Amino acid sequence: MRAILFFITPFGVLFALFYLIPIGYAVWQSLHTVERTGPFGPAREVFGGLVQYRQVFSDGPFWQSVERVLLFGVVQVPIMLGLALFLALLLDSGLVKGRRFFRLAYFLPYAVPGVVAAIMWGYLYSPNLSPFTAVTSNADLLSPDLVLWAMANVVTWVYVGYNMLIIYSALLAVPPEIYEAARIDGAGALRTAWSIKIPMVLPAIVLTTVFSIIGTLQLLAEPQVFRSFSSAVSSTYTPNLTVLSTSSIPNFPLAAAFSVVLALATFVLSFSFLKFTQRKGAR
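Let me sum up the structure you'll find in this document. Computed from a predicted model, the values in this text were never measured in an experiment.

**Some thoughts on unusual backbone geometry**
Consideration 1: In this chain, I249 is followed by P250 through a cis amide linkage whose omega measures 5°.
Consideration 2: Counting through the fold element by element, P250 comes out in the loop between α12 (239-247) and α13 (252-282).

**Brief notes about helix α5 (residues 114-125)**
Consideration 1: Between the first and last C-alpha of α5 there are 16 Å, a value that for twelve residues agrees with the 16 Å anticipated at 1.5 Å per step.
Consideration 2: Buried residues of α5: A117, A118, W121, G122 and Y125, and no others. Along the long axis of α5, the arc covered by the buried residues comes to 135°, so they all point the same way.
Consideration 3: On the buried face of α5, the contacting elements are α6 (133-136), α7 (147-172) and α11 (221-226).

**Regarding the pattern of salt bridges**
Consideration 1: In total, this model carries two salt bridges according to the counting rule given.
Consideration 2: Between K197 and D92 there is a salt bridge, with its nearest N and O atoms 3.0 Å apart. Of the two residues, K197 sits in helix α9 (residues 189-200) while D92 sits in helix α3 (residues 60-92), which places them 105 residues apart along the sequence.
Consideration 3: Owing to a relative accessible area of 10%, K197 belongs among the buried residues under this scheme.
Consideration 4: Put simply, R183 and E180 hold a salt bridge, and the shortest N to O gap is 2.7 Å.

**Concerning the environment of N251**
Consideration 1: Here N251 is to be found in the loop between α12 and α13.
Consideration 2: What makes N251 buried here is its relative accessible area of 17%.
Consideration 3: Taking the C-alpha atoms as reference points, N251 and E45, separated by 206 residues in sequence, lie 9.6 Å from one another.
Consideration 4: Filtering out sequence-adjacent residues up to four positions away, N251 remains in contact with V34, Q52 and T246.
Consideration 5: In terms of polar contacts, N251 uses its side chain to reach the backbone amide nitrogen of L254, at 3.3 Å.

**With respect to a nonpolar patch on the surface**
Consideration 1: Side chains of L71, V74, V75, I79, L83, L146 and W149 sit close together on the surface and give an oily, nonpolar patch of about 580 Å² of accessible area.
Consideration 2: The greatest single-element share of the nonpolar patch, amounting to five residues, is contributed by α3.
Consideration 3: Following the sequence through the fold, W149 ends up in helix α7.
Consideration 4: On the basis of relative accessibility, which here comes to 31%, the residue W149 falls in the partly exposed class.

**Regarding the side chain of T246**
Consideration 1: The residue T246 is located in helix α12 in this model.
Consideration 2: Here the side chain of T246 touches T242 through a polar contact of 2.6 Å, landing on its backbone oxygen.
Consideration 3: Apart from the residues lying within four places of it in its own chain, the contact partners of T246 are N251, L254, A255 and F258.

**Considerations on α3**
Consideration 1: A rise of 1.5 Å per residue sets the reference length of α3, with its 33 residues, at 48 Å; its end C-alpha atoms lie 47 Å apart and thus fit the reference within 8%.
Consideration 2: The principal kink in α3, of about 30°, is found at Q76, preceding the proline P78 by one to four residues.
Consideration 3: Looking at where α3 begins, the residue whose side-chain oxygen comes 2.9 Å from the main-chain nitrogen of F62 is D59.
Consideration 4: Of the residues trailing α3, G94 is marked for its positive phi of about 85°.

Rules used in this analysis
- Positions within a chain are numbered from 1, following the residues in the order the chain's sequence is written.
- Confidence filtering applies because this is a predicted model: local features only for residues at pLDDT of at least 70, side-chain atom pairs given and counted only at 80 or more, and all residues used for totals across whole chains, interfaces and linings.
- Only heavy atoms go into the side-chain values, all of them from the structure, while hydrogens and water stay out.
- In this text, helices come from DSSP runs of H or I with a minimum length of four residues, and strands from runs of E with a minimum of two, each type numbered from the N-terminal end.
- Helix span, as expected, comes to 1.5 Å for every residue beyond the first.
- Relative accessibility thresholds used throughout: buried, under 20% of the residue-type maximum; exposed, over 50%; partly exposed, between the two (1.4 Å probe, protein chains only).
- As used here, the arc is the angular range of directions from the helix axis to the C-beta atoms.
- Residues are treated as being in contact if the distance between any of their heavy atoms lies within 4.5 Å.
- By definition, a salt bridge exists where a carboxyl oxygen of Asp or Glu is found within 4 Å of a side-chain nitrogen of Lys or Arg.
- Pairs of N or O atoms are called polar contacts if they sit within 3.5 Å, as long as, within protein, a hydrogen donor faces a hydrogen acceptor (for residues adjacent in sequence, only side-chain-to-side-chain pairs).
- Patch membership is restricted to residues that have no salt bridge and whose relative accessible area is over 30%. Joining uses 9 Å for like charges and 5 Å for the nonpolar side chains Val, Leu, Ile, Met, Phe, Trp and Tyr.
- Areas reported here follow the Shrake-Rupley algorithm with a probe of radius 1.4 Å; residue values treat only the protein chains shown as occluding.
- To get the bend at any residue, fit one axis to the seven residues that end at it and another to the seven that begin at it, then take the angle between the two axes.

Next comes the structure, spelled out in structure tokens:
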């Protein structure tokens, strides 16, 4: 028992310091409200119960931003994971020479910090700065109708290789005897990929999907950078931008309430997806 405590205590202390205590403090902060004595009096925080949460659930721009990132996720996540799966299957097929090079090349964009990637793509999208004027002069990728999908392209470019590596690692763990049996039964490459490889890496696909759902609701770096390129991106364009702008007022209790609601929404969506996939797998 002492040996178990010896090994889990460092993790438990760090987990409490950097996860449980911040969450508890955010919940406690969200139960307060800011009051002033007179129009220009000093601000002070007092206990307000669920006042901030009533404001959160009546905040139209916040829920519009939630709908926006949900639309973003519904479109972008399947495309990104579909590309990641295709590249992983391609590397595992044996048709590609120099697999080490392509594996590194696909993963390389993930090594670029998100802010740097957003700045780079922002310049490529800008009509006055982009070298691809034939495209930007005919389609304003920073317009209100297209800027969300311009950011989706940035996220896809950065994370396809990361997700591909997870799926490809799962493919490498498949016993080769299964492929040998499929060849003996006359299965071709496409049939093997569809009937054997994809079902075998389904847990990895589920894992990357959960990561992508969490990342979608945490979208911040790309819209924050794109605010300097496009007037269509407001301070409440995504939920995390709403939290950031609210804390900059400053109104920390309201920002904490936004964060708590967003964290609960992320948990509900991720847990619901996991339960759905488990139920489908049980069938």
